[in-house]
Amino acid sequence: MDKLVIKGGKRLTGTVTASGSKNSSLPVIAATLLSSEGCCTLHRIPDLQDIRTFTQLINHLGAETSFSGNTLTVATGKIESVLAPYELVKKMRASIYVLGPLLARFGEARVSLPGGCAFGPRPIDLHLMAMEKLGAEISIETGFITAKAPGGKLKGAHIDFPISSVGATGNAMMAAVLAEGTTTLTNAAAEPEIVTLCRFLSAMGANITGTGSTELVIEGVESLAAVEFTNVFDRIEAGTLLAAAAITGGEITIEGVEADQLKSVLKKFVHAGCNVSHTEDSITLISPDKLAATDVTAKPYPSFPTDMQAQWTALMTQAEGTSRITDKVYHERFNHIPELNRLGAHIEIRKNQAVVHGTRKLSGTKVMSTDLRASACLVLAGLVAEGVTEVLRVYHLDRGYEKIETKLAALGADITREQYKEFS
Ligand code: EPZ
């Protein structure tokens, strides 16, 4: 198993290029299942465990893929199965994204229920509600969702989401693009990852209006073509690297990411005292001598993203004053707090809020990753902690960050990846 060994205290400076976005890659790869001939060529796909798991899943269905140099090609002319097995879905919840495209193209799908997650329940009722609105008959037995479209074709409908859901919005879009008639999605997620999916589906020939808003209108079409497409950069990776600069009192420029996609996060960096500037495809952050305590509330886009909540918590351990960090998307996404406190932070959890008492000197020790963004948070804390911090079980980190230690080392961090054995 791998760990990251970090010697804290190094100030990060320099320029780094973000990788392709993980959370837009996954629905885009799922959407390739909608084309019945030809080959999709997807550029700027990050080389991550989650991408490899998803590629394994569509290979299992019959797709032919090849992946090199961040370009993934996918031919889905020979899909022979509509079954997404437990072993793969359990590894990655986003496997549920095959439900919509399989139903749309083949009129049926059998997908294992995803099961739990490290930071609390992650239901899929909104995915199933959307499919039923489009006419699918859904049954759940022996741990599997079985979905069938009567007559093999979904029918356009009005789908109103009671809460904003990125995954359910993506699945509904991928089901609706080949349905008969018009589908309207209201209170749809408007995250940049959904915008990217809209752009990809439109490039394939889908008829979607309202991209970027919470109301999407989709006119079903007969078929969709395989196309070449370039993915967006990863805004959460960018936000994490900016936090790495801010926590070490550094100054970095990140190339690739559009500042617009991180507006709410950049605003908070400024409030915390950082100097933030940007061009159309780069962001520069210069840290202040002292960070100011800054409250954040994680909510659906365009608010502060829940995927940056843990990273912000690490940063606020170094700020003057007390910060309140509330997560209104995942109320239990606080597994990183006990580990931060073991590093010397003083953070209390009150329901879905972390109260961070700042300007705490952190001292390096061994800490355990529990999920993707929690592990990123612990790496950030290790960058500023005195002495050596060992972040264990970095397979969590590898799910969503491409070569993070290489990027951080290039910016001046003293960080290496080492193997270790856990007590059995
Ligand atoms: C996506 O997950 C992201 N994952 C998550 O990023 C991200 O945290 C989340 O969106 C919120 O932005 C991918 O894109 C692969 P949701 P998703 O459906 O789609 C509730 C990371 O770190 N809900 O927008 O699963 C749900 O419990 C990962 O990269 C239902 O109640 O999230 C949550 O409270 C972690 N029923 C809220 O909606 C449903 O059927 C938002 O979840 C679906 C969701």
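Computed from a prediction, not measured in an experiment: that's the story for all the values here.

J.: Even after reading the chapter, I still don't get the packing of helix α1 (residues 22–31) against helix α2 (residues 49–61), so can you show me in this structure?
T.: A packed helix pair is summarised by two numbers, namely the angle formed by the two axes and the spacing between the axes. Remark: α1 packs on α2, axes separated minimally by 10 Å, with the N-to-C direction vectors making an angle of 5 degrees. Of the possible angle classes, the one that applies to α1 and α2 is roughly parallel. For the pair formed by α1 and α2, the contact residues are K22, S25, L26, I29 and A30 on the first element and D50, I51, F54 and I58 on the second. Residues that form the contact of α1 with α2 fall into these classes: 6 nonpolar, 1 polar and 2 charged.

J.: How should the sheet that holds strand β11 (residues 182–186) be read in this particular structure?
T.: In a beta sheet, neighbouring strands are held together by backbone hydrogen bonds and run either parallel or antiparallel to one another. Pairing in this open sheet of 4 strands is mixed, and the strands run β10-β11-β13-β12 from one edge to the other. At either margin of the open sheet sits one strand with a lone partner, and together these are β10 (158–160) and β12 (207–209). Taking each pair of neighbouring strands and ignoring which way they run, the sheet shows an average axis angle of 15 degrees. Bridge analysis of β12 against strand β13 (residues 215–219) gives 3 bridges, and the strand direction is antiparallel. Among the inter-strand pairings, T209 is bridged to a residue of β13, identified as V217.

J.: Looking at this structure, I do not really get the nonpolar core. What am I missing?
T.: Among the nonpolar cores identified, the biggest contains 75 residues, and L34, L42, F54 and L201 are the most heavily contacted of them. Beyond its immediate stretch of four places on either side in the chain, F54 contacts L26, I29, A30, M92, A94, S95, Y97 and V98. Ranked by size, the runner-up nonpolar core spans 66 residues in total, among them A310, I325, V379 and L411.

J.: Just to check I follow, could you spell out the pattern of salt bridges for this structure?
T.: Between side chains of opposite charge, a pair can form as their charged atoms come close. Within this structure, the stated rule accounts for 18 salt bridges. Linking E64 and K78 is a salt bridge whose minimum nitrogen-to-oxygen distance equals 2.6 Å. Of this pair, E64 sits in strand β4 (residues 64–68) while K78 sits in the loop between β5 (71–75) and β6 (83–84), and the two are 14 residues apart along the sequence. Measuring nitrogen to oxygen at the nearest pair gives 2.6 Å for the salt bridge that ties E405 to R417. Here the residue E405 occupies a position in helix α14 (residues 404–410), and R417 occupies one in strand β26 (residues 414–419), the gap between them amounting to 12 residues.

The rules behind these values
- Residues numbered from 1 in each chain as written.
- Predicted model: local features only at pLDDT ≥ 70, side-chain atom pairs only at ≥ 80, totals over all residues.
- Heavy atoms only, no water.
- Axes fitted to C-alpha atoms, helices over the stretch in contact; angles between N-to-C directions.
- Helix = DSSP H or I, 4+ residues; strand = E, 2+ residues; numbered from the N terminus.
- Parallel < 35°, antiparallel > 145°, perpendicular 65-115°, else oblique.
- Contact = heavy atoms within 4.5 Å.
- Nonpolar A, V, L, I, M, F, W, Y, C, P; charged D, E, K, R; others polar.
- Pairing = 2+ DSSP bridges.
- Core = buried A, V, L, I, M, F, W, Y, C linked by side-chain atoms within 4.5 Å.
- Buried < 20%, exposed > 50% of the residue type's maximum accessible area, 1.4 Å probe, protein only.
- Salt bridge = Lys/Arg side-chain N within 4 Å of Asp/Glu carboxyl O.

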